[in-house]
Amino acid sequence: MGRALVRAPGPRLAEGLVTHADRRPVDVALAARQHAAYTAALRSAGWRVSSVAAADDQPDAVFIEDALIVCGDLAVLGRSGAEVRRGELPGAERAARDLGLRIERIEAPGTLDGGDVLAVGDTVYVGRGDRTNEEGICQLARLLGGRRVVPVDVRGCLHLKSAMTALPDGGLIGLPEHVDTSVLPCMRVVREPAGAHVVVLGPDHVLMAASAPRTAASLAADGLRVTSVDISEFEALDGCVTCLSVLVP
Ligand code: CIR
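What you see as residue numbers is a count from 1 along each chain, following the sequence as written. Where totals are concerned, whole chains, interfaces and linings use all residues; where local detail is concerned, this predicted model gives features only for residues with pLDDT of at least 70, and gives and counts side-chain atom pairs only at 80 or more. With hydrogens and water stripped out, all remaining heavy atoms of the structure feed into the side-chain values.

## So, the confidence of the model for the protein chain
Low pLDDT marks stretches whose predicted atomic positions should not be read closely. When pLDDT is averaged along the protein chain, the result is 97; 100% of the residues meet or exceed 70. Note on the complex model: pTM 0.97, ipTM 0.98. The predictor's confidence in any single residue is recorded as pLDDT, a number from 0 to 100.

Laid out in structure tokens, this is it:
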């Protein structure tokens, strides 16, 4: 197994952006414990965990997936459509350099959040919505060279990976009402919003949020090993299991 980059939640977490959830108070101490349990789950699945330097003035910095897209030996620094999140980049860049990755970046007027980037085999689906624009997708496609990049319109949720992710066999799983399915292969439809969020930990092992128990049971019945973690304090800020780490296989 490879390396997992995570960044611990900072003291201003409760001020994080909320676009789709109803804002409610966030328990920062509970969030820290949940983050530690999330990190422990990665470790026990065999991932070596590296901590990205804290960015305590950046409430949403814990959602490290949005700042950094890793593909082979290439790290692409995103440029969020939410301007207030752009201060998260320096620490993410240092972490990528420490891993010896080649660094590229999305430049203005392009915008791109890593939460919109879903790689499945040689295909990279990229959500087009509030955080990622056409120019950002075109820049990413150029940087990724030979890989097939498929833009996917996203509606009613924050990112592409808020709506869909992929199982270990590459099959898509998610909520078709939030994406333009006409450009996608068929998708395993879930009924729980958090059931759309799967992190592939190994060939038959996935990580999911505890808030998707029925989806977890259905995947387990199909023979997958499912580890569930409670991430309620991150879900309160429109976060999900994917956005709390960057996996570098
Ligand atoms: C935001 O709105 O930017 C953060 N509060 C949540 C980001 C979640 N990121 C993700 O799902 N990739």
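## Examining the sheet that holds strand E15 (residues 246-248)
If you walk across this open sheet you meet the 3 strands as E2-E1-E15, and the pairing is mixed. The sheet terminates laterally at strand E2 (48-51) and E15, the two strands that pair on one side only. Neighbour-to-neighbour, the strand axes of this sheet turn through a mean angle of 25°, independent of strand direction. Between any two strands, pairing holds if DSSP finds at least two bridges. Only runs of H or I of at least four residues qualify as helices and only runs of E of at least two qualify as strands under DSSP, and these elements are numbered from the N terminus. As paired elements, strand E1 (residues 3-6) and E15 share 3 bridges and run antiparallel to each other. Each residue of the ladder has a partner; that of Ala 4, found in E15, is Leu 247. Whether two residues are in contact is decided by their heavy atoms: any pair within 4.5 Å suffices. Structural elements are reduced to axes, namely lines fitted to C-alpha atoms, with helices fitted over the stretch in contact, and the angle between N-to-C directions of any two is expressed from 0 to 180 degrees. Set on the sheet, helix H1 (residues 28-44) makes contact with E1, E2 and E15; between it and E1 the angle comes to about 170°.

## Observations regarding the site of the ligand
We call a residue near a given molecule or strand whenever any one of its heavy atoms falls within 4 Å of it. Close contacts around the ligand come from 15 residues, with Leu 17, Glu 65, Asp 66, Arg 131 and Leu 237 the closest. Think of a polar contact as two N or O atoms within 3.5 Å of one another; within protein, one of them needs to be a possible hydrogen donor and the other a possible acceptor, and neighboring residues in sequence only count if both atoms come from side chains. The contact in question runs from a nitrogen atom of the ligand to an N or O atom on the side chain of Glu 65, over 2.8 Å. Residue Leu 237 places a main-chain N or O atom 2.8 Å away from a nitrogen atom belonging to the ligand. The Shrake-Rupley method, run with a 1.4 Å probe sphere, supplies the accessible areas, and residue values consider only the shown protein chains as cover. Protein contacts shield 99% of the accessible area of the ligand, which totals 350 Å² for the unbound molecule. Residue classes in the shell around the ligand are distributed as 6 nonpolar, 3 polar and 6 charged. Each residue gets one label: Ala, Val, Leu, Ile, Met, Phe, Trp, Tyr, Cys and Pro are nonpolar, Asp, Glu, Lys and Arg are charged, and the others, such as Gly, are polar.

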